[in-house]
Amino acid sequence: MARIVQKFGGTSVGDIARIRNVAKRVKAEIDQGNEVAVVVSAMSGVTNQLVAYCNEMAPLHDAREYDAIVATGEQVTSGLLAIALQEMGISARSWAGWQIPIITDDAHGKARIAEIKGDAIIASMKQGHVAVVAGFQGLGPDGRVSTLGRGGSDTTAVALAAAVKADRCDIYTDVDGVYTTDPRIVKTARKLNKITYEEMLESASLGAKVLQTRSVEMAMKHRVRVQVLSSFTDENAPPASALPGTLVCDEEEIVEKELVSGIAYSRDEAKVTLTGVSDRPGIAAGVFGPLSEANINVDMIVQNTSHDGTTDITFTCSRTELDRALKVLKDVKVECKEIATDKSVVKVSVIGVGMRSHAGVAQTMFKALADKGINIHVISTSEIKVSVLIGEEYTELALRALHTAYGLDAA
Ligand code: ASP
Ligand code: MG
């Protein structure tokens, strides 16, 4: 017997027929003798519609009322799935976030889970009832409904799995796993059987939008084994226990480690270059301090060696934050000759825990790009990642070249 938390995303519960199919997947786990709790998203499109209603009523609205409104989507699905299960003769009930309770901080609209009390759900599972939990929502310290930010049901599922000490958290979605790179761009991309928390965290925050980043942080912290798998397979497909999807897990659980597990990219990048900045102590602090105070996330940073007492500083930020960043730089009157910006850049990253113990990973990247005549604007590295900023028009070419260079192409 195992204890499983299943999570079904919006497309998996997109209509009544699909919710019935989900009920069959829950039943399959019960039939194996497992204890099951289920977390559901809102039916596809519903959250977007609710958000649109809020914006239509007032562009600048009370975040607590936004939460009261958008949290309803998940509540509908949890009730419907409970009914579908009951119709199949399975004892089930729906749970809203506040009933468990899932306690969050007070950042309405993007709250963080502070604590989940697992006792009630464990007791209910032990009695053979299926708990159907509304994802995305919690209870703020002000006693009001909160929501966890877009994609937050993933985080509900992982946090619940940690709270009830589940053996596995299966995240059912419309893709069958995590790929070596974007399969829409690189036809030879492969599904990974396993990926480490660290690698998944890097690729989640780099734009591979399979799991909400916070859910991966949560899984890593509590060592929850998370499987990403498709809810659209046929009845003869292998069961979830056979791990048909991608398992996000501890490095120790991965026997055949690859040097590089994936290549991620992000188009949401803008480059800012300050030229002729005077080179003396305090200049970098004077630029990046105000940016961080304005909550602008600066990613890559390079500063050239100086000559004639001046230097150039280049940094990247999100494209959507570029205008705000420029305003901050203007307001603090950064001393420089010129501020140049470039929005037609993309960040491409190779990710792999194998880099920790192997040299030459970055060189393979630089050579593969050079062979294609792709110029690198900025480079940054971390323990398990090398990122380069290149012209956006080279995205496809770079991804394909790197995928081949690291031997990731499917046979
Ligand atoms: N329904 C919410 C959203 O669309 C939460 C989720 O599905 O994870 O963002
Ligand atoms: Mg999602």
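Counting restarts for each chain, with residues numbered from 1 along the sequence as it is written. Each chain takes a letter, starting from A, and each ligand takes a number, starting from 1, following the order in which they are written. For a predicted model such as this one, the threshold for reporting local features is a pLDDT of at least 70, and the threshold for listing and counting side-chain atom pairs is 80 or more; totals across whole chains, interfaces and linings nevertheless cover every residue. Based on all heavy atoms of the structure, the side-chain values leave hydrogens and waters out of the count.

### Observations regarding the overall build of the protein
Numbering goes from the N terminus for both helices and strands, where a helix is a DSSP run of H or I of at least four residues and a strand is a run of E of at least two. When its secondary structure is counted, the protein shows twelve helices and 18 strands. For the radius of gyration, the atoms used are the C-alpha atoms, and the globule rule reads 2.2 Å times the number of residues raised to 0.38. Expected size for 411 residues packed as a compact globule is a radius of gyration near 22 Å; at 23 Å, the protein falls within 12% of this value. Its C-alpha atoms put the protein at 80 × 55 × 30 Å along the principal axes. Throughout, exposure labels follow a simple rule: accessible area from a 1.4 Å probe, protein chains only, divided by the maximum for the residue type, with under 20% read as buried, over 50% as exposed, and the rest as partly exposed. Here the protein holds 411 residues, and 48% of them are scored as buried. Working rule for contacts: check all heavy atoms of both residues, and any pair within 4.5 Å makes them a contact. Contacts in the protein between residues far apart in sequence, at least 24 positions, make up 75% of those at least 6 positions apart. Accessible area for the protein stands at about 19100 Å²; split by element, carbon and sulfur atoms hold 51% of it. Positive charges come from Lys and Arg alone, negative charges from Asp and Glu alone, with His and the N- and C-terminal ends not counted. Throughout, a charge is located at the NZ atom of Lys, the CZ atom of Arg, the CG atom of Asp or the CD atom of Glu. Distance from the positive charge centre (44 side chains) to the negative charge centre (52 side chains) of the protein: 2 Å. Accessibility throughout is a Shrake-Rupley quantity obtained with a 1.4 Å probe, and a residue counts as covered only by protein chains that appear here.

### A word on helix H6 (residues 153-163)
When you tally the buried positions in H6, you get ten out of eleven residues, the bulk of the element. Of the positions making up H6, those classed as buried are Ser-153, Asp-154, Thr-155, Thr-156, Ala-157, Val-158, Ala-159, Leu-160, Ala-161 and Ala-163. Lys-165 lies just past H6 and shows a positive phi near 55°.

### Examining the nonpolar core
Judged by nonpolar contacts, the single largest core of 39 residues is most densely connected at Val-5, Ile-121, Val-133, Leu-160, Cys-169 and Val-226. Counting residues per element, this core draws most heavily on H6, which supplies six residues. Core analysis: the next-biggest nonpolar cluster, separate from the first, contains 22 residues, Val-348, Leu-369, Ile-390 and Leu-408 among them. Working definition of a nonpolar core: buried Ala, Val, Leu, Ile, Met, Phe, Trp, Tyr and Cys residues. They are joined through side-chain atoms within 4.5 Å.

### Comments concerning the sheet that holds strand S1 (residues 3-8)
Adjacent strands of a sheet pair through backbone hydrogen bonds, lying either parallel or antiparallel. A pair of strands counts as paired when DSSP detects no fewer than two bridges linking them. Spatially, S3-S6-S2-S1-S9-S11-S12-S10 is the arrangement adopted by the eight strands of the open sheet, whose pairing is mixed. Looking along the sheet, the strands with just one partner apiece sit at the ends: strand S3 (92-95) and strand S10 (194-196). Sheet twist, expressed as the average angle between the axes of neighbouring strands with direction ignored, equals 20°. Note that S1 and strand S9 (residues 168-173) share five bridges and pair parallel. Bridged to Phe-8 within S9 is Tyr-172. The angle between two axes is taken between their N-to-C directions and runs from 0 to 180 degrees, where each axis is a line fitted to C-alpha atoms and a helix contributes only its stretch in contact.

### A look at the pattern of salt bridges
One side-chain nitrogen of Lys or Arg within 4 Å of one carboxyl oxygen of Asp or Glu is enough to make a salt bridge. Taken as a whole and judged by the stated rule, the model has 23 salt bridges. Across the pair Arg-64 and Asp-62 runs a salt bridge whose closest N-O atoms are separated by 3.1 Å. Taken together, the shared-partner salt bridges in this structure form one network comprising Arg-267, Arg-319, Glu-392 and Glu-396.

### Description of the site of ligand 1
Any residue with a heavy atom positioned within 4 Å of a molecule or strand is treated as near that molecule or strand. Taken together, Ser-41, Ala-42, Thr-47, Glu-74, Phe-136, Arg-150, Gly-151, Gly-152 and Ser-153 are the residues near ligand 1. Polar contact criterion, stated in full: a pair of N or O atoms within 3.5 Å, where within protein one must be able to donate a hydrogen and the other to accept it, and residues adjacent in sequence count only if both atoms are side-chain atoms. Measuring from an oxygen atom of ligand 1, one finds a backbone N or O atom of Gly-152 at 3.3 Å. Note that an oxygen atom of ligand 1 is positioned 3.0 Å from one of the backbone N or O atoms of Ser-153. Calculation on ligand 1 without its partners gives an accessible area of 260 Å², and the protein chains cover 86% of this total. In the scheme used here, Gly and all other residues not listed as nonpolar or charged are polar, with Ala, Val, Leu, Ile, Met, Phe, Trp, Tyr, Cys and Pro taken as nonpolar and Asp, Glu, Lys and Arg as charged. Along the lines of polarity and charge, the residues of the shell around ligand 1 split into two nonpolar, five polar and two charged.

### With respect to the side chain of Lys-7
Here Lys-7 shows up in strand S1. Beyond its immediate stretch of four places on either side in the chain, Lys-7 contacts Val-39, Ser-41, Ser-153, Asp-154, Ala-157, Asp-170, Ile-171 and Tyr-172.

### Some remarks on the sheet that holds strand S13 (residues 262-278)
Within the open sheet, the six strands sit side by side as S14-S15-S13-S16-S18-S17. Their pairing is antiparallel. The outermost strands of the open sheet, each flanked by one partner alone, are strand S14 (298-303) and strand S17 (376-382). Going from strand to strand, the sheet's axes swing by 30° on average, the running direction of each strand aside. Contacts from helix H11 (residues 361-371) reach strand S16 (338-351), S17 and strand S18 (385-391) within the one sheet, and its direction differs from that of S18 by about 20°. Running at roughly 120° to S13, helix H12 (residues 395-405) makes contact with S13, S16 and S18 of the sheet.

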